[in-house]
Structure formats: structure tokens, C-alpha cells
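Examination of the molecular architecture
Here's the letter readout for the chains.
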Amino acid sequence: MMWETAILIGLLFGAACFLILQASFVRILFGFILLSNAANLFVLAMSGRPDGKSAPIVGVAGAAPVDPLPQALILTAIVIGFGVIAYLVILLYRTFLDQRTASARELFDPARERPEEEQA
Amino acid sequence: MNPATLMILPVALPLVTAVVALMGRRPAAWRRWFTGGSALLQVVVAFALASTAWHGGPQVLAIGGWAAPYGIVLVGDLLAGIMLVLGAVTALASLLYGFAELPVGDEHPLRLPLVQFLVTGINLAFCTADLFNLFVAFEVMLISSYALLTLEADDWDIKQAFPYMALNLVGSTLFLVAAGLAYGLFGSLNFAAIAERSTALAGTPQLTVLALLLFTVFGMKAGLFPLFYWLPNSYPILPSPVAALYAGMLTKVGVYVLLRIFGQVLPPDLPLIHTLMMWLAAATMIFGVLGAVSRNFIRGILSFHILSQIGYMVLAIGLFTPYAIAAAIFYIIHHIIVKSTLFMVGGVVVVLNRSDDLTKTGRLWAVAPVLGVVFLLQALSLAGVPPLSGFWGKYMIVVEGLRQREWVLVGCALLAGVLTMFSMLKIWNGPFWHPEAAGGVHLADARWKPMTAVAGGMTLLSLGIGFGAEFFLRVAHEAARQVLDRGAYVTLLLGGGN
Amino acid sequence: MKAGQSYIFRAVGAVLFFLINVFAIYLLLRGHNLPGGGFIGGLGSALSLIMLSLAFGVERTQGILRTDPVRVAGAGLLLALLTSLLPLLAGDPFLRHYHVVLPVLGKIEVGTPLLFDVGVFLVVVGVTAKLIFVLARPNADLTALAPEEWRNYAAPLEEPIEKTARSESPAPEDDVP
């Protein structure tokens, strides 16, 4: 299981980096979602080899349970990631409405001029 | 009550304040009284904790009664106490400054709660002795800071929030990875447990990877050289009271954690990291101050200066002797007060001249000399002119650098000092010395007087640090001693504790 | 989001709303020793609100809630905080919990963690509902709130999102190729 997990984490990080470096807002957003999932998976992998172990639930008989702490950690990290991604969605949406573009390249184009204030 | 039980208050007080202020539907006078009162109480609590740590040594609070290394513990040593005091004082000053700047009705209903959430995260980062809890503290701080950044930004400026958020998101992800790695290596996330178990791993590649990851993450949050570009464009879009708080505290949380992690938690023999730290610090100083020279609006110049000053503190951490660590702590004390005051002065200039573009401001020395004196004292202190607070920190860093024969680094530090003086003169020549003001001088706008009064109060504090340097140096040396005493830390947390 | 066109969805949705919430509360209550808890229960309850806004439209759902969801979240946070600060009065450390056994319906063990979880439940419902309401707003035919009006809202994103609709310019989608 460890090799598969390692390759999966690597793929997720690679895909996330590729997407974040694109210009389109939607791709950047998906890149960050993948990035947080890759990190969560990495932490999960720290609970060790899961082969032949049971889930860490009180009262479930059977083999030795896996280390539950990384699962508690990623639960926290998922909740935090949920909040941050929700904020990112709204930030990108508002940037799109305010600046009339969905491309980061265009957004930070130095040739873009600040529009004149209406009252000035 | 037991002093250790009180240690939760720096975290709990701002959180309760934030929630109560959030429940108030509209900005009203009671919310200001309530938040201001709470901020005052936080200052008192922080002083109480610092003095407990100063007289009685570090305090430990095991949350929920679960002892380390299984439970989460908060540790209040002298360094944490100093940072809590500085944070509480800066937060109080920026609140009062904000109250002076805006009438009650014009305040955004979410500003007060969000600032208190931000303070919660900052204080938790200072107190915690657990790597994952530190991650949570950083996230509380960062999410509030994202929200504050965009809360009052206009349609055009909103895009500056995007690099800030993107870079900090990447940083948070790396932090999570580092926490996972630390758990995999040590089987615990408690600082003392990591400190105890990492000595056996000294010199192994695993430890180097972990140290490099942590250095990248906290260096990014502190604004170190290659990864600083989230800072200088995003701070100027903040309203000036919030900008004063950000400038004072946010990057310093990164420096504090660098100090804590590399001074106390990871083993001291990491020559690669220390060398990297010193050279990146030198690059940060030079590039930061060059950026400041290139800007032509006040808050832009000041934002770049934050970076260049961060360079000094990180250089001191990289030199890594008890003397240098004490210098870094003293520098943090000086810098937080001075930097937030300078941002406050920038805000007053905006009120008086209706602009912070250097070419459109002027005449302020003639009409408001008090403001000029405040600015001059703080600018000279930032540049490191002798009796003022900035001198002592720089002096100690340079002395330690010479002692270790790091001639190039010392040269960079001195050059950055000269360039700091130059860019401060740029500001002086604009709003204060320039004979004409394109936007006129709005002296009738009575807000500037209470705003200047708050900035003046902070200036008095900074003068006190400069002239009472002996006392503050004693405090800094004691704090550095507590940080570097790893054996006592491990015994305190793991050997029964409280 | 427009009110749903489907009559069936609306009829079923009104009933499902209660069923989902009963299940959410079940998840909340069993969470102390079994999988479940405040977070997952809160998400379930928030799902029921999403379903309502799909069936009846966002405005009516907001009307059903009667209050700004941010205040629900605030109340939940306050409850959780007070629960965790309670031990300070007894001189115990922050977040210490207490249990009592109530002789109702056999023996039920009730502890302060339940109160904490109820707080988490409210926070999750409030925050998620707020998110949905903000994101689900149509942005084409909205008029911005007047400045003296938006000050009465403790909501972060009510004003900025519709800002573009205030000017005379056409809806933003038309501008973007």
C-alpha cells in the first residue's frame, strides 16, 4: 500500500502544481483543491501501513487498530481546507465580477489601467 | 487562580470578544467600548503572564487536563510573554487609532470581530507548544487576515489579495506536510517530545528535509527573500489602523516561530540551515530596502521596509549564539512598536493631505510639527541612530557578526541601514518638507489630532525602549536563555510539568 | 438560484427537510463514542437548507431561517466557548469536561462535550448556509443595497458581490468573451 500511496501523493502534487501555474481562475481553484487533498493524503500515510489492521473505533474487536492521530489531524485539516477553499471561491468570483476577467495573466497585465473614478 | 490556568485567557478573551462583537448587528458605540475594554484587559493579562514568566519561570497549561506529550499544552515562557505583551499593546493602539479615524457609523460591521479573530490566532501561535496546534493557530490568523484584506478593498485593489492568498495557501499546505513528516519521524507533535527525540537524528537527511520544509514555510510567512512578494503590494490596500496591526505583528509571528523552532525544538547543529538563513536574510535586507527606495507612496515604502527589517532579525537567528538570539528578541521588541507607529503616521498623512503619493503631499512640517517629530523619531529609530531603540538591536547584531567574521553579512546590514535612512528621507521630503500640497492641507479635519496622539503614545513607548535599553536587554537575555535551555524545556513539559 | 419549477420536488422537499434534520440530530447525538458528531451533523443539516433553496428559492429559505446565518454561527461559537471556559470557574484547565448520568429513559450519560458539539453543529450550519446564500444569488438583476442599508448587515459578502450591478453597465457575463 505504501508505494501506491506515495505515487498517488506525487501525482496529486504534480497535477496541483501544474493547475496552479495556469492562468485561468477555475484551474487555479482546482489546483488548490488538489493541493490540500494531496497534503491530507500525505498526513494520512503517516499512520503507517494499514494492512491487516482494524479501524480505530471503540468496541470493535479484531486486529490492532491503525494509529488514529493522523486521522484526527486530517479531519481538522479538511475542515480548515473547506473554509479556505470556500473563501477562495468567493474571492475569485468577486475578482471576476469586479475586474471582468477570469485570467490571472490578464489580471496582472501591467498594461491594464485603473479605470477613472466616476466622481473625479 | 492558578497562573497556569490563566494562560488560556490571551486566546479565549479575544475569541469571546470577537463572537460578541459579531452578534451585534450594527456598528454601535457599545461594541467599541466592549472591544476596547477587552483589548485593555488583554494588555493586563499579557503583562501578568510575562511577569510570571520573568519571576517564576515558564508556565505550562495542559488543555483539558491531558498532559504532554499526548495532550495539547500551552507554554508561557518569557519570550511568549514578551510577544503577547507586544501583540496586546499593538492591538490596543491600532483599535484606538481606528476609533479616532472613523466615526462609529462608518466602521465596517465586521472589522472589529475580524481583528479580534486575528489576535486570537496570533496569541495562540505565541503560546502553543504543539506543531499541529501551531498550524491551526496560523490558519485562524491567516483566514482572518484574508478576510480583513478584502473587507474594505475597492474593486481595483481586490486583485492584490490574490497573490497574498495563493502564496500563503501553498505555505499552509507545506506546513501540513511538514507536520505530517514530523509525526512520522518522531511519533509526536509536542515541541518537547520533538526536541528530545530529534537530537538522536541530528545530521540525518530526514531531519534536514524537515528543517528545510519548516524553514521554507516560516520564512515565507516572515517574508524572507525569494518568497516575499505577497507582502509589499497587499499591505497598502489595507485601511491604515489594520495595516498598523499587520505591519507590527503578522510577519513577526513568522520570525517568532523561526526562533522557537530552530532555537528550541530542532537540534542546534543544523549548519546548512543557519548558513542559508544568514544569506537569505542579507538578500532580504538589500532587496527589501531597494524596493523601498523604488516606491513613491508612503505605505509602499513602509511595506518594503518591513521586509528589510525582517532580514536583521533572521540574520541574528542565523548567527545562533545566545547573544545573537537576545539581539533578535530585542530587535523584535523595537521593531513591532516602531513599524506600527510609522504606518499610523502614514494614515495621518492620508487624512491631512488626502493622498499618500509623495508628489501630492506636502507642508505638514509647517502646520503639524508634532506629527513631524513623531515621524522623525521613529524614522531615525528605524535607521538605527544611537540613543533610539533601533540602534541597540543593530549594534548587537553587527557586533556578533564581526565576532564571527562574517564581513560580507555585516557589510550588507550596514548598507541596508544607510539605504533605510535614504528612503526615510524620501518620505520626509514629501509630506513634511515639500512646500506645496496638491491636495491641500485639511487641518480642519479634526480626526488627525487623536490619531497623532495614539502614534505619539507609541513613540513614547519606543523612546522608553531606547533609553531604558538596559532593562530590555536584560529581559531579552533572560528570554534567550529560556529559549536555548532545551533540557529544562523537556523536563518542564515531559517530566510531570504542572 | 431560481425557485424550482418542479412541483414534485417542492412537495417532497418540504417533507424531506424534516427527515434530513432528524437524521442530522441523530448523527449529532451519537457522536460522542461512535462515528458522527457536530461537524457531520451540521453538514447534514446544512444540506437540508441547500435542498430547500433548490426547491423554493434562496429568498424563501432565508425567510424560513428568519435570521442571518452568521448569527447562528456566532451563537454556536459562543456556546462552544462558554462550555469550554466553564471549567475555569472551578479552577480546572480549559476544555476539561464533566459528565452526569441522568435517570431518564434508562440511563443517559450527558456531558459538556455534547454542549460543545451542539455549538459546532450551529457553527457549521450557519457558515455553510451563509456560503450557499451568498454564492447562490443571481448577479444579473440585483440592485445593490444602499450604503446605509448594508451597514445593518453583519454579513461580509452581501455588498461586494452585487457591486457591479449598481452601475449602468451590462451584466458582467456579457463583457467576457
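Below you will find a few notes about this structure. (Residues numbered from 1 in each chain as written. Chains lettered and ligands numbered in written order. Predicted model: local features only at pLDDT ≥ 70, side-chain atom pairs only at ≥ 80, totals over all residues. Heavy atoms only, no water.)

Examining the overall build of chain B
Selection rule: By definition, any uninterrupted DSSP run of H or I lasting at least four residues is a helix, any uninterrupted run of E lasting at least two residues is a strand, and each is numbered from the N terminus. For a compact globule the rule gives 2.2 Å times the number of residues to the power 0.38, and the radius of gyration it is set against comes from C-alpha atoms. Accessible area is worked out with a 1.4 Å probe on protein chains only. A residue is then buried under 20% of its type maximum, exposed over 50%, and partly exposed in between.
Assigned secondary structure in chain B consists of 19 helices and 2 strands. The C-alpha atoms of chain B give a radius of gyration of 22 Å, which matches the 23 Å a tight globule of 498 residues would have. Once the C-alpha set of chain B is aligned to its principal axes, its extents read approximately 65 × 55 × 40 Å. Taken across its 498 residues, chain B has 67% of its residues classed as buried.

What about empty space enclosed by the protein?
Applicable threshold: Buriedness of a pocket was judged along seven lines, with at least five required to meet protein on both sides within 12 Å; pockets are open sets of points on a 1 Å grid over the protein atoms alone, cavities are sets where a 1.4 Å probe fits but cannot get out, and lining residues have an atom within 4 Å of a point. Grid points are joined across faces, edges and corners, and a volume is the space filled by probe spheres set on the points. Ten residue types, Ala, Val, Leu, Ile, Met, Phe, Trp, Tyr, Cys and Pro, are classed as nonpolar, four, Asp, Glu, Lys and Arg, as charged, and the remainder, Gly among them, as polar.
Applying the stated rule across the entire model yields 7 cavities of 30 Å³ or more. Roughly 150 Å³ of volume is contained in the largest cavity. Contributing elements (two or more residues each) for the lining of the largest cavity: α2 (25-45) and α3 (69-99) of chain A together with α5 (131-151) and α6 (161-186) of chain B. When residues of the lining of the largest cavity are assigned to their parent elements, the largest contribution, 5 residues, is made by α3(A). Class assignment of the residues belonging to the lining of the largest cavity gives a composition of 8 nonpolar, 5 polar and 1 charged. For the second largest cavity, the calculated volume is near 80 Å³. Lining of the second largest cavity is provided by B:Ser94, B:Leu95, B:Gly98, B:Phe99, B:Glu107, B:Arg111, B:Leu112, B:Val115, B:Pro241 and B:Val242. Sorting the residues of the lining of the second largest cavity by element identifies α3 (78-101), α4 (111-127) and α9 (240-265) of chain B as the ones contributing at least two each. For the lining of the second largest cavity, the per-class residue count stands at 6 nonpolar, 2 polar and 2 charged.

Section: the environment of C:Arg10
Residues and elements named next belong to chain C. By the element assignment, Arg-10 lies in helix α1 (residues 7-30). The class of Arg-10 is partly exposed, set by a relative accessible area of 33%. For the pair formed by Arg-10 and Leu-47, sequence separation is 37 residues and the distance between their alpha carbons is 15 Å.

What about the interface of chain B and chain C?
Often, the extent of an interface is quoted as the loss of accessible area upon association of its parts. Filter applied, for reference: Should any heavy atoms of two residues lie within 4.5 Å, those residues are counted as being in contact. Within 3.5 Å is the distance limit for a polar contact, defined as a pair of N or O atoms, with the added protein rule that one can donate a hydrogen and the other accept it, and that residues adjacent in sequence qualify only through two side-chain atoms.
At the junction of the two partners, chain B supplies 27 residues and chain C supplies 25 residues. At the junction of chain B with chain C, the criterion picks out 1 residue pair in polar contact (both at pLDDT 80 or more). Breaking the side of chain B that touches chain C down by element, the ones donating at least two residues are α1 (9-23) and β1 (59-62) of chain B. No other element matches α1(B), which puts 8 residues into the side of chain B that touches chain C. Here the side of chain B that touches chain C is built from residues that sort into 18 nonpolar, 5 polar and 4 charged.

Description of the pattern of salt bridges
Residues and elements named next belong to chain B. The criterion, for reference: Just to be clear on terms, a salt bridge is a Lys or Arg side-chain nitrogen sitting within 4 Å of an Asp or Glu carboxyl oxygen.
Across all of its chains, the model carries 10 salt bridges over all chains by this definition. As a salt-bridge pair, Asp-77 and Arg-260 come within 2.8 Å of each other at their nearest N and O atoms. Of this pair, Asp-77 sits in the loop between β2 (73-76) and α3 while Arg-260 sits in helix α9; the two residues are 183 residues apart in sequence, bridging distant segments of the chain. According to the relative accessible area criterion, Arg-260 is buried, its value standing at 5%. Note that Asp-445 is salt-bridged to Arg-354, the shortest N-O span being 3.4 Å. Here the residue Asp-445 occupies a position in the loop between α16 (407-433) and α17 (448-467), and Arg-354 occupies one in the loop between α12 (322-353) and α13 (364-367), the gap between them amounting to 91 residues. By relative accessible area, Asp-445 is classed as buried at 15%. Classification of Arg-354 by relative accessible area gives partly exposed; the value is 44%.

Section: the layout of surface pockets
Its volume calculated, the second largest pocket comes out at about 1,400 Å³. Along the walls of the second largest pocket sit 32 residues, with A:Arg114, B:Asp154, B:Asp157, B:Pro236 and B:Arg299 positioned nearest its centre. Here the element with the most residues in the lining of the second largest pocket is α12(B); it accounts for 4 residues. Counted by class, the lining of the second largest pocket contains 11 nonpolar, 8 polar and 13 charged residues.

Focus on the packing of helix α2 (residues 38-56) of chain C against helix α5 (residues 112-136) of chain C
All names here are of chain C. Operational definition: Interaxial angle, 0 to 180 degrees, is taken between N-to-C directions of lines fitted to C-alpha atoms, where a helix line uses only the stretch in contact. When the near helix sits turned anticlockwise from the far one by under a right angle, the crossing is termed left-handed; a clockwise turn instead gives a right-handed crossing.
Following both chains from N to C, one finds α2 and α5 inclined at 30°, their axes separated by 8 Å at the closest point. Between α2 and α5 lies a crossing whose hand is right-handed. Together, Gly-38, Phe-39, Gly-41, Gly-42, Leu-43, Ser-45, Ala-46, Leu-49, Ile-50 and Ser-53 of α2 and Asp-117, Val-120, Phe-121, Val-124, Val-125, Thr-128, Ala-129 and Ile-132 of α5 make up the contact between the two elements.

Re a nonpolar patch on the surface
Residues and elements named next belong to chain C. Inclusion rule: Patches draw on residues past 30% relative accessible area with no salt bridge. Two like charges within 9 Å are joined, as are two nonpolar side chains (Val, Leu, Ile, Met, Phe, Trp, Tyr) within 5 Å. Exposure was quantified through the Shrake-Rupley algorithm and a 1.4 Å probe, taking into account, for residues, occlusion by the shown protein chains and nothing else.
A surface patch of nonpolar side chains, about 450 Å² in accessible area, is lined by Ile-8, Val-12, Val-15, Leu-16 and Leu-19. Its place among the elements puts Leu-19 in helix α1. Judged by relative accessible area, which is 53%, Leu-19 ranks as exposed.

Brief notes about the side chain of B:Lys252
Residue and element names in this part refer to chain B. Operational definition: Note that His is not counted, nor are the chain ends; the positive residues are Lys and Arg, and the negative ones are Asp and Glu.
The residue Lys-252 is located in helix α9 in this model. Of the buried charged residues, Lys-252 lacks a salt bridge, with Asp-356 as the closest side chain of opposite charge at 18 Å. There is a polar contact of 2.9 Å between the side chain of Lys-252 and the side chain of Thr-251. Setting aside its immediate chain neighbours within four residues, Lys-252 contacts Met-83, Ala-247, Ile-306, Ile-310, Met-313, Ile-332, His-335 and Ile-336.

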